[in-house]
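Residue-level structure breakdown
This is what each chain is made of:
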Amino acid sequence: MNRMIEIKKNNITESELIAISLLYHNSIYYLFSHNFFSLKAIIDFSFLSEEIFVTFLPEIEEYDEEFARVRGDYLFNKKDQRSNLFKYYESVKNNKEDHKKYRNLNYHPSSLHKCIREDDFDTFQNYISRNNIDINYKFDYSYYDRVRTIDNTPSLIQVAAIYGSIKIFKYLFNMDTIIFNSNLLSYAYIGRNFEIIHLCEKKCSSKDVYFQSIILHDRELLTYFIENYGN
């Protein structure tokens, strides 16, 4: 937030500020709600970004219902109905109040996802047992999740790695039928939990994982990689 305030002081236009925020899509609503840019700037930018149009559809409809309808018809009438963006549009259009709630939450809306994020092992174990969920289950893609994962449909163990949920991660890691994704160590780097990182190193390739430390501007992780794997 402080960095964005400093950027705003340097005569950056609203459109330029939104463009910067596109690096972290889920920050755009947060910044909008804190008056970093106006609804007009959002509408103008929605011509460039379909996702921004859908994310702010309730506000755009309230401001100009006809524009929202015409723009929605133009974007989505010929869109592949299996695409994540089309499903997102249909969900927002038909469930605006839920959309606002999940947008404010800024996390994947799944209850199972919440168990993993919070490393609530007992609730997690009861949930997968009661619902007969396979340990290699993959979550549907969600535009609400603040963490844009490498895979569109991350597995349970990938989510545990990325949120540093050590209890649930260990449970899954030690299951005989668990599938170790080739990029699991990259997820562990994003999660920054060194206990999880060390476990992943026993099973997973270290190829290209240093990219995550660079993307995260994490000097400690990059130094760790160089000392252990770099040349």
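Everything numeric in this text was worked out from a predicted model, so none of it was measured.

Turning our attention to the overall build of the chain. When you go through the chain residue by residue, the secondary structure sums to 17 helices and 0 strands. Considering only C-alpha atoms, the chain reaches an extent of 55 × 45 × 30 Å along its principal axes. For the chain, the distance from the average site of its 28 positive side-chain charges to the average site of its 32 negative ones is 1 Å.

The subject of this paragraph is the pattern of salt bridges. Here the idea is simple: oppositely charged side chains can pair when their charged atoms come close. Under the counting rule described, the total for this entry stands at 8 salt bridges. Between Asp218 and Arg192 there is a salt bridge whose closest N-O contact spans 2.8 Å. One end of the pair, Asp218, is in the loop between α16 (210-215) and α17 (219-228); the other, Arg192, is in the loop between α14 (184-191) and α15 (194-201), with 26 residues separating them in the sequence. Relative accessible area serves as the criterion here: at 13%, Asp218 is assigned to the buried category.

Before going further, it helps to examine helix α2 (residues 14-21). Among the residues of α2, Leu17, Ile18 and Ser21 are the ones counted as buried. Around the axis of α2, the buried residues are gathered within 100° of arc, so they sit on the same side.

The next thing to look at is the environment of Lys203. Turning to its location among the elements, Lys203 is positioned in the loop between α15 and α16. Along the primary structure Lys203 and Asp151 are separated by 52 residues, whereas in three dimensions their C-alpha atoms are 19 Å apart. Setting aside its immediate chain neighbours within four residues, Lys203 contacts Phe173 and Phe180.

A few words now on the environment of His108. With respect to the secondary-structure elements, His108 resides in the loop between α9 (96-105) and α10 (111-117). Separated by 88 residues in sequence, His108 and Ile196 have C-alpha atoms that sit 22 Å apart. Look past the residues within four positions of His108 in its chain and what remains in contact with it is His113, Arg117, Phe139, Asp140, Ser142, Tyr144 and Asp145.

Counting residues in each nonpolar core, the largest one holds 35 residues, and the members touching the most others are Ile116, Phe124, Phe169, Leu172, Leu185, Tyr189 and Cys200. Of all the secondary structure elements, the ones that give two or more residues to this core are α10, α11 (121-130), α12 (156-162), α13 (166-173), α14, α15 and α17. With residues near it in sequence (within four places) discarded, Tyr189 still touches Ile197, Val209, Gln212, Leu216, Leu221, Tyr224, Phe225 and Tyr229. With 30 residues, the next largest nonpolar core counts Phe37, Ile43, Ile60 and Phe86 among its residues.

This paragraph deals with the packing of α13 against α15. Between α13 and α15, the least distance of the axes is 10 Å, while the angle of their chain directions is 15°. In terms of orientation, α13 and α15 fall into the roughly parallel class. At the point where α13 passes α15, the crossing takes the left-handed sense. Here Ile166, Phe169, Lys170 and Phe173 of α13 lie close against α15, whose contacting residues are Glu195, Ile196, Leu199 and Cys200. Of the residues belonging to the contact of α13 with α15, the class tally is 6 nonpolar, no polar and 2 charged.

Every buried residue belonging to helix α8 (residues 84-94) is among Leu85, Phe86, Tyr88, Tyr89 and Val92, and all of these are buried. In an axial view of α8, the angular spread of the buried residues amounts to 160°, which keeps them on one side of the axis. In the core, the buried residues of α8 are packed alongside α5 (50-55), α6 (57-63), α7 (65-76) and α9.

About the thresholds
- Residues numbered from 1 in each chain as written.
- Predicted model: local features only at pLDDT ≥ 70, side-chain atom pairs only at ≥ 80, totals over all residues.
- Heavy atoms only, no water.
- Helix = DSSP H or I, 4+ residues; strand = E, 2+ residues; numbered from the N terminus.
- Lys, Arg positive; Asp, Glu negative; His and termini not counted.
- Charge placed at Lys NZ, Arg CZ, Asp CG, Glu CD.
- Salt bridge = Lys/Arg side-chain N within 4 Å of Asp/Glu carboxyl O.
- Buried < 20%, exposed > 50% of the residue type's maximum accessible area, 1.4 Å probe, protein only.
- Arc of directions from axis to C-beta.
- Contact = heavy atoms within 4.5 Å.
- Core = buried A, V, L, I, M, F, W, Y, C linked by side-chain atoms within 4.5 Å.
- Axes fitted to C-alpha atoms, helices over the stretch in contact; angles between N-to-C directions.
- Parallel < 35°, antiparallel > 145°, perpendicular 65-115°, else oblique.
- Left-handed = near helix turned anticlockwise from the far one by under 90°.
- Nonpolar A, V, L, I, M, F, W, Y, C, P; charged D, E, K, R; others polar.

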